[in-house]
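Listed below, chain by chain, are the residues.
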Amino acid sequence: MKAKILDGKKIAKEIKEKLAREIEALHNSSGIVPGLAVVIAGADDASLVYVDMKEKACSAVGMYSKSFRLPSTVTQSEILNIIDQLNHDEQIHGILIQLPLPEGIDEKVISNRIHPEKDIDGFHPVNNGKLFLGEDSLAPCTPLGIIELIKHTGIDISGKHAVVIGRSNIVGKPAGMLLLRENATVTLCHSKTKDLTSVLKTADIIVSAAGIPNLVRGDMIKEDAIVIDAGTRVVDNKLVGDVNYNEAVMVASWITPVPGGVGPMTIAMLLQNTLKAALKK
């Protein structure tokens, strides 16, 4: 094995410990406790487990959390009413809608109802616009975690060629914008990209978020590239990424495992965004 492992669990733990100290200092100086509200409707077991993880993470760093666990029969107007209440609740600094929502509910309408200052997922058009313009904003958590992982290598992102695979509004596009903010030269690839191998061979940094197992093979990676695998899918009851890990680890300088790489960082960045929203408020 050649590559060093970017241990997302370890790095996320360090970030949470730092957040806990900052939250304690904020509370001691101002009496403010950052608050996170999670709205979940008719969810499957996996989503419920994820919400429980977020609640425990909030408690561990000294944040206030509040959950709304709604039945699958809930209406769109009922969810909107809850969001309106949370928008005006001074104890709540961040609002998170656990997706997917029940059939018949427009996720875009729901997400856009959240006040941009409490949009800790970074999905609101106002926050997307600020990210595009290079202004300070609440950015999506997974891309923020990806940047933190890359910085943890100690390698300067500025001037590096970063290739992002995937153009979703949740990971691919914002990851590209955040890398641009760090002065990387960014290429955004997707399902219509021709000769992906040729593009990847020029990349100093690879961020794959396509959700296609074994999309990135070892012989597609430039020697000593940083490889961030953010594309997860369950295959035979096992969570796998986009990157063929056993091959890539022999070529890359740094690599994230799946699981245990990008995933833990997402929750850490969720907490970080909530604190940021509280400080702004």
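Only a predicted model underlies this, so the values are computations on that prediction, with no experimental measurement involved.

Engineer: When you look at the nonpolar core in this model, what are you seeing that I'm missing?
Structural biologist: Note on soluble globular proteins: their nonpolar side chains tend to be buried together. Counting residues in each nonpolar core, the largest one holds 47 residues, and the members touching the most others are Ile-146, Ile-150, Leu-179, Val-207 and Ile-228. If one sorts the elements of this core by residue count, helix α10 (residues 262-280) sits on top with eight residues. Apart from the residues within four sequence positions on either side, Val-207 is in contact with Ile-146, Ile-150, Val-163, Val-164, Ile-165, Leu-179 and Ile-228.

Engineer: What should I look at first to understand unusual backbone geometry in this one?
Structural biologist: Excluding glycine, residues mostly carry a negative phi; peptide bonds, for their part, are mostly trans. The residue after Leu-99, namely Pro-100, is reached through a cis peptide bond having omega 0 degrees. In this structure, Pro-259 follows Val-258 across a cis peptide bond, with omega equal to -5 degrees. Along the chain, the position of Pro-259 falls in the loop between β11 (254-255) and α10. Located in the positive-phi region is Asp-224, a residue other than glycine, with phi close to 70 degrees.

Engineer: How do you make sense of the environment of Leu-6 when you look at a structure like this?
Structural biologist: Along the chain, the position of Leu-6 falls in the loop between β1 (4-5) and α1 (8-30). Looking at Leu-6, the relative accessible area reads 1%, which means it is buried. For Leu-6 and Thr-187, which are 181 residues apart along the polypeptide, the C-alpha to C-alpha distance reads 23 Å. Sequence-distant contacts of Leu-6, that is, excluding residues within four places in its chain, are made with Ile-11, Leu-149, His-152, Thr-153, Ile-228, Trp-254, Ile-255, Thr-256, Pro-257, Gly-260 and Gly-261.

Engineer: Any chance you could explain the sheet that holds strand β4 (residues 94-97) here in plain terms?
Structural biologist: The strand order across the open sheet formed by three strands is β3-β2-β4, and the pairing between neighbours is parallel. In this open sheet, the two strands that pair with only one neighbour each are β3 (64-70) and β4. Averaged over all pairs of adjacent strands, the angle between their axes in this sheet comes to 15 degrees, without regard to strand direction. Pairing analysis gives seven bridges linking strand β2 (residues 35-41) to β3, with the strands arranged parallel. The residue bridging Val-38 from the neighbouring strand is Ser-67, located in β3. In the packing of helix α2 (residues 45-61) onto the sheet, the strands contacted are β2, β3 and β4, and the crossing angle to β3 comes to about 165 degrees.

Engineer: Explanation requested: the pattern of salt bridges in the structure shown.
Structural biologist: Side-chain pairs of opposite charge can arise where the charged atoms are in close proximity. The final tally for this structure, using the stated rule, is twelve salt bridges. We note a salt bridge from Asp-84 to Arg-113, for which the minimum N-O separation is 2.9 Å. Within this pair, whereas Asp-84 is found in helix α3 (residues 76-87), its partner Arg-113 is found in helix α4 (residues 107-113), the two being separated by 29 residues in sequence. The partly exposed category is assigned to Asp-84, whose relative accessible area is 24%. Look at Arg-113 and you get partly exposed, because its relative accessible area is 36%.

Calculation notes
- Residues numbered from 1 in each chain as written.
- Predicted model: local features only at pLDDT ≥ 70, side-chain atom pairs only at ≥ 80, totals over all residues.
- Heavy atoms only, no water.
- Core = buried A, V, L, I, M, F, W, Y, C linked by side-chain atoms within 4.5 Å.
- Buried < 20%, exposed > 50% of the residue type's maximum accessible area, 1.4 Å probe, protein only.
- Helix = DSSP H or I, 4+ residues; strand = E, 2+ residues; numbered from the N terminus.
- Contact = heavy atoms within 4.5 Å.
- Pairing = 2+ DSSP bridges.
- Axes fitted to C-alpha atoms, helices over the stretch in contact; angles between N-to-C directions.
- Salt bridge = Lys/Arg side-chain N within 4 Å of Asp/Glu carboxyl O.

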